[in-house]
Amino acid sequence: MSKINWKKVIGWAVAALMVIGVVGFNAYKEQNLTNKKRIYAILPITGSLSFQGKEEKKTMEVWMQNHPDAPFELEILDNESNPTKSLTLAQRAAMNDKEPLFICPTGAMCHPIVPQLKSMNGFMILSPSTQEEDGTYKEFQRISFGSADMNKPLIDYVESGKTVVIMNSNDMAGHTGATKTEETLTKKGAKIIEKLAFDTKELDMRIIALKAMSYKPDIIFVISPPTIGFLNVIKELKVQEFPGVVLSDPALRTPSIASQLGKDAEGVYTSIMPTERIYKEYPQVAKALEENGLELYNFPINVWDIMDVMNHFIANNIPFNQDEFLKMAKWHGISSDITFTPNGNSAYEFMLSIVKNGKFVSVEKNQ
């Protein structure tokens, strides 16, 4: 049996430690030299909400490409459209970041994180999140449109005395939107006959569509994030030749949804963000988005605004808290002004549109 050459072993060990030390020091030195805040974007890149998440990711990447000197770095994480995964990703980030800053869309995907933010010493931007918050927690801020402002043009369209069936996705966003819509329409004199919930992943909507039509309502109001279920509900109502008016959640404006619906989207009403300001004041933004295959509609507009706001806060050393947003009151967004309201909420401007020949055409008056 040969003897172990301890001098050689120790020599190799010391050399290995020196290599590890140099690599670690260089990584630490590089991180210190950048001196940039890291932002963690927890997005649904895969799963049922990937329609939305992929566009948010691409918009953020385009913004970063057009702002090479931004005072922050962006790390995009996939929550797989799973709220539990959102929390896991946030906790991992917090282990290596003393003051983590998150962007997380869709209330249902983010709510598990909110109660943990204080213990993480973190802050989160909720967007796009349509659900208004009650102010129980203070470690977040919505920079987003809410169900009230995005549905206002649709609510205004419904006249007193009209009969309505609400079809909503069986998730937090759908139920919250349906409840608020019912309350608002009832107050203005419309009659809500029924509310029907559908699964976000459901492929066959024939039975629920026929049930909604069996009440013979003047209007069917579909409320849901841009999911497979939402797409199939709209399609089935057209297949079954519903004779009344279909009012749709702004999710209809999502390009992947609209393109898959094709002619089945014709005549459907929805609300959209105005684009006049973008072309007039921010033509470079319109160019950057359109050259990268992104349309000027709700999600890219909202995400671009988020990036601009975060850039403003970080560049000017403004602390991320609800008081600072409330103090600011408004932000001159690329589409319209974003209004910041109490309890970490916000609102956008929307307008009514109808799908004609595959395009979303502005509706000035009730039709």
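These lines cover the structure that appears in this document, whether it is placed above or below. (Residues numbered from 1 in each chain as written. Predicted model: local features only at pLDDT ≥ 70, side-chain atom pairs only at ≥ 80, totals over all residues. Heavy atoms only, no water.)

### Here we look at the sheet that holds strand 3 (residues 101-104)
Working step 1: On the basis of which strands lie adjacent, the open sheet formed by 5 strands has the order 2-1-3-4-5 and parallel pairing. In this open sheet, the two strands that pair with only one neighbour each are strand 2 (72-78) and strand 5 (140-142). Between one strand axis and the next, the sheet turns through 20 degrees on average, direction left out of account.
Working step 2: Helix-sheet contacts for helix 3 (residues 83-95) involve strand 1 (37-43), strand 2 and strand 3, and the interaxial angle to strand 1 is about 165 degrees. (Pairing = 2+ DSSP bridges. Helix = DSSP H or I, 4+ residues; strand = E, 2+ residues; numbered from the N terminus. Axes fitted to C-alpha atoms, helices over the stretch in contact; angles between N-to-C directions. Contact = heavy atoms within 4.5 Å.)

### Side note on the state of the cysteines
Simply put, the disulfide is a covalent bond whose two ends are the sulfur atoms of two cysteines.
Working step 1: The full count for this structure, using the stated rule, is 1 disulfide.
Working step 2: With its sulfur 2.5 Å from that of its partner, Cys104 forms a disulfide with Cys110. Taking the torsion about the sulfur-sulfur bond, which here is approximately -100 degrees, the covalent link between Cys104 and Cys110 counts as left-handed. (Disulfide = S-S within 2.5 Å.)

### Side note on the environment of Val246
Working step 1: Relative to the helices and strands, Val246 is located in strand 9 (residues 245-248).
Working step 2: Along the primary structure Val246 and Ile219 are separated by 27 residues, whereas in three dimensions their C-alpha atoms are 5.8 Å apart.
Working step 3: Every residue in contact with Val246, bar those within four places of it in the chain, is listed here: Ile220, Val222, Ile234, Leu237, Val268 and Tyr269.

### A closer look at unusual backbone geometry
For residues other than glycine, phi is negative in most cases, and the peptide bonds are mostly trans.
Working step 1: One non-glycine residue, Glu241, lies in positive phi territory at about 55 degrees.
Working step 2: Structurally, the position occupied by Glu241 is in the loop between helix 9 (228-239) and strand 9.
Working step 3: What makes Glu241 exposed here is its relative accessible area of 65%.
Working step 4: Of note, Asn343 is a non-glycine position whose phi angle comes to about 65 degrees, a positive value.
Working step 5: When you line up the elements, Asn343 lands in the loop between strand 12 (337-341) and strand 13 (345-347). (Buried < 20%, exposed > 50% of the residue type's maximum accessible area, 1.4 Å probe, protein only.)

### Some words on helix 12 (residues 283-291)
Working step 1: Those residues of helix 12 that fall on the buried side of the exposure criterion are Val285, Ala286, Ala288 and Leu289. Looking down the long axis of helix 12, one finds its buried residues gathered within 165 degrees of arc, a one-sided arrangement.
Working step 2: Taken together, the buried residues of helix 12 touch helix 2 (50-65), helix 11 (276-281) and helix 13 (298-315).
Working step 3: Of the residues flanking the end of helix 12, it is Gly293, one or two places downstream, whose phi is positive at about 75 degrees. (Arc of directions from axis to C-beta.)

### Let's talk about the side chain of Ser346
Working step 1: In this structure, Ser346 sits in strand 13.
Working step 2: Here Arg142 takes part through its backbone oxygen, which lies 3.0 Å from a polar atom of the side chain of Ser346.
Working step 3: From its side chain, Ser346 meets the backbone oxygen of Ser144 in a polar contact 2.8 Å long.
Working step 4: Once residues within four sequence positions are removed from consideration, Ser346 is found in contact with Arg142, Ile143, Ser144, Gly146, Ile338, Thr339, Phe340 and Thr341. (Polar contact = N/O pair within 3.5 Å; in protein donor to acceptor, adjacent residues only side chain to side chain.)

Functional significance is not addressed by these values, which are geometric in nature.
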